[in-house]
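Here is what each chain is made of, one letter per residue.
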Amino acid sequence: MQTTILDPSLTQALAAAREPGLTLIIGNKNYSSWSMRPWVAMTAFGIPFQEVRVLLDQHDTVNKIAEYSACGRVPVLLAGEMTIWDSLAICEYLAEQFPDKHLWPQDVAARAMARSICAEMHAGFAGLRRDMSMHIKASLPGRGRTAAAQADIGRISEIWEECLSRFGHHQFLFGDFSIADAYFAPVVMRFRTYGVTLAPALNAYCERVQAHPAVARWIAEALAETETAPKHDAALPD
Ligand SMILES: N[C@@H](CCC(=O)N[C@@H](CS)C(=O)NCC(=O)O)C(=O)O
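The two faces of strand E3 (residues 50-53) match: Gln50 and Val52 on one face and Glu51 and Arg53 on the other face are all buried. What joins strand E2 (residues 22-26) to E3 is helix H2 (residues 33-44), and the crossover it makes is right-handed.

Pasting the structure below:
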């Protein structure tokens, strides 16, 4: 059973850290694209965890995150004595800990490609991230289409087309849902908010991602959030 602690006190934070099992520290579901990735992967693969949500853009956000990780960013995974920060490190740790669940594709070529596109997402697409930031509740069709964001949309379309046709059998990027789909789920959210229309096969992929139970649950919980992140809202494109 997954429990959520919202905006924890230090006592709760330390108690959560001592809990056996896994605790994932995340930001607001509406905004925190990096948190979405491991949360969706863990939920999709039935990996049990306790969730602790730290609200972004509050006067004490920095201190609250610092209770868990000196990195100062979410997501953070607490696994017994271990602290693992950074979404990709968390996903790799989970894939290693739960080999039978096949979080990465089983085929070696597919797995190499999946790792490559996640690394490209992790290190790149700065234009899309800056100009079309994730805001699940918002509907801003046509906004944020700077040249940099448009170039990123083009490159992402190319990646998705290649994965779906070479490995995906037109289902998820590598057939079965994998870390790669969890990694691109926040991009699907951005395309939905900013009304990005793609080729029909890619639109259909976006629909499948949104309908996946783990993604659908994140979206529902994001829509139910009442808290806002003022700096994130102020940075939305005109
Ligand atoms: N490379 C990191 C990026 C994490 C990141 O930038 N997280 C943002 C939230 S989505 C954050 O913690 N920001 C701190 C803040 O807003 O105070 C990862 O992959 O986990």
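Next comes the rest of the write-up.
Our focus in this paragraph is the pairing of strand E5 (residues 82-85). Here strand E4 (residues 76-79) runs beside E5; their pairing, made up of four bridges, is antiparallel. Within E5, the residue paired with Ala79 across the bridge is Met82. The antiparallel pairing of E4 with E5 creates a hairpin that spans two residues between the two strands, and Gly80 there sits at a positive phi of about 60°.

The subject of this paragraph is the site of the ligand. Near the ligand the following residues occur: Ser32, Trp34, Leu56, Thr61, Gly72, Arg73, Val74, Pro75, Asp86, Ser87 and His122. Note that an oxygen atom of the ligand is positioned 2.6 Å from one of the side-chain N or O atoms of Ser87. For the ligand, whose accessible area on its own is 520 Å², the fraction buried by protein is 80%. Counted by class, the shell around the ligand contains four nonpolar, five polar and two charged residues.

Here the focus is the packing of helix H5 (residues 108-123) against helix H8 (residues 179-193). Running from N to C, H5 and H8 point in directions that differ by 30°, and their axes come no closer than 9 Å. One way to sum up the angle between H5 and H8 is to call them roughly parallel. The element H5 and its partner H8 pack so that their crossing is left-handed. In this structure, H5 uses Ala114, Ile117, Cys118, Met121 and His122 to contact H8, whose residues at the interface are Ile179, Ala180, Tyr183, Phe184 and Val187. Among the residues forming the contact of H5 with H8, the class breakdown is nine nonpolar, one polar and no charged.

Thresholds, definitions, all that
Residues numbered from 1 in each chain as written. Predicted model: local features only at pLDDT ≥ 70, side-chain atom pairs only at ≥ 80, totals over all residues. Heavy atoms only, no water. Buried < 20%, exposed > 50% of the residue type's maximum accessible area, 1.4 Å probe, protein only. Helix = DSSP H or I, 4+ residues; strand = E, 2+ residues; numbered from the N terminus. Right-handed = clockwise from strand over helix to strand, strands pointing away. Pairing = 2+ DSSP bridges. Near = heavy atom within 4 Å. Polar contact = N/O pair within 3.5 Å; in protein donor to acceptor, adjacent residues only side chain to side chain. Areas by Shrake-Rupley, 256 points an atom, 1.4 Å probe, with all protein chains shown as cover. Nonpolar A, V, L, I, M, F, W, Y, C, P; charged D, E, K, R; others polar. Axes fitted to C-alpha atoms, helices over the stretch in contact; angles between N-to-C directions. Parallel < 35°, antiparallel > 145°, perpendicular 65-115°, else oblique. Left-handed = near helix turned anticlockwise from the far one by under 90°. Contact = heavy atoms within 4.5 Å.

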